[in-house]
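Remarks on the overall topology
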Amino acid sequence: MNNSLLKISIIAIATHLLLIFFGPYIVMNQLDRNIADAIANPFEGCEDTYDGIVGNLDQVCISRRSAARMPNYDFIYTMCRYDLSNGDLYVSMPVPEDERYWVVHVHNNNTNVAFKINNLEIESDRYELLVTNKENINSSLKTIRTTDKGTVFWRLLVNTAEEIDILDNQRRTTVCEYR
């Protein structure tokens, strides 16, 4: 009995540790595969979801993907999946004019949040940041030091269905480019 309990405990602990250390990377690698599939095989009506590395995700296109079961229809999402081997990532995004909720997260490749800011902390109509893996970057922009790969992800609250087109046009002015 004690021998079996010891074996089960060792297997359980080993499985737990493997999931803790490798699980986030599995999730992010699956995200990369999902994005590549969405770009290569877009659903009808979802052809303009990705422009370079910028993904303008709407609820209909998200819900058609097997990896996203239940998108929140109160938000529209934008994301940039980056690889800093291509250079530092410059990001410029519109900030809503009104007091609507808007939040940006920079996620490391292990899914940890390296940076977060919302619209109540910003006074301009655009927010710019630089994502890098280098130390001591001399930049006038907000600089986030992070892992080589990751995701800049933001969401914008939608108050009514009538404003989705206006908000979509605004968010499509987002710039994510390597420098």
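Overview of the structure. (Residues numbered from 1 in each chain as written. Predicted model: local features only at pLDDT ≥ 70, side-chain atom pairs only at ≥ 80, totals over all residues. Heavy atoms only, no water.)

1. A few points about the state of the cysteines
Summed over all chains, the structure comprises one disulfide. Each sulfur in the disulfide pair C80 and C176 lies 1.8 Å from the other. An S-S torsion of about 85° defines the bridge between C80 and C176 as right-handed. A residue pair is termed long-range when its members are at least 10 positions apart, and C80 in strand β3 (residues 75-83) and C176 in strand β10 (residues 175-178) qualify at 96 residues. C80 sits in the buried class, given a relative accessible area of 0%. Residue classification places C176 among the buried residues on the basis of a relative accessible area of 12%. (Disulfide = S-S within 2.5 Å. Helix = DSSP H or I, 4+ residues; strand = E, 2+ residues; numbered from the N terminus. Buried < 20%, exposed > 50% of the residue type's maximum accessible area, 1.4 Å probe, protein only.)

2. Remarks on the sheet that holds strand β9 (residues 149-157)
Taken in spatial order, the six strands of this open sheet run β1-β2-β3-β9-β5-β6, and their pairing is antiparallel. Only two strands of the sheet have a single neighbouring strand rather than two, namely β1 (50-51) and β6 (113-118). As defined by bridge partners, β3 adjoins β9 across nine bridges and the pair is classed as antiparallel. For D83, the partnering residue across the bridge sits in β9 and is K149. The strands that helix α1 (residues 2-40) touches are β1, β3, β5 (102-108) and β9; relative to β3, the one it contacts most, it runs at about 105°. Against the sheet, helix α3 (residues 164-171) contacts β2 (54-57), β3 and β9, and its axis sits at roughly 20° relative to β3. (Pairing = 2+ DSSP bridges. Contact = heavy atoms within 4.5 Å. Axes fitted to C-alpha atoms, helices over the stretch in contact; angles between N-to-C directions.)

3. A few points about the nonpolar core
Membership of the largest hydrophobic core comes to 25 residues, with the highest contact counts inside it found for W102, Y127, V152 and W154. At the level of elements, β3, β4 (89-94), β5, β6, β7 (126-132) and β9 are the ones that each hand at least two residues to this core. With residues near it in sequence (within four places) discarded, W102 still touches M93, P94, V95, P96, I117, N118, N119, I122, Y127, W154, R155 and L156. The next biggest cluster of nonpolar side chains, apart from the first, holds eight residues, and it includes Y50, I62, Y77 and M79. (Core = buried A, V, L, I, M, F, W, Y, C linked by side-chain atoms within 4.5 Å.)

4. Brief notes about α3
Buried within α3 we find L167, D168 and R171. When α3 is viewed along its axis, its buried side chains cluster within an angular range of 100° and face the same direction. Exposed residues on α3 whose side chains face more than 90 degrees from its buried face are D165, I166 and N169. Where α3 is buried, its residues meet β2, β3, β4 and β9. (Arc of directions from axis to C-beta.)

5. Points about the environment of P94
Here P94 lies in strand β4. With 67 residues separating them in the primary sequence, P94 and A161 have C-alpha atoms 20 Å apart. Filtering out sequence-adjacent residues up to four positions away, P94 remains in contact with W102, D125, R126, Q170, R171, T173 and T174.

6. Looking at the pairing of β9
Working note: regular strand, side chains alternate between the two faces of the sheet. Of the pairings in the sheet, the one linking β5 to β9 comprises seven bridges and is antiparallel in character. The residue bridging V104 from the neighbouring strand is W154, located in β9.

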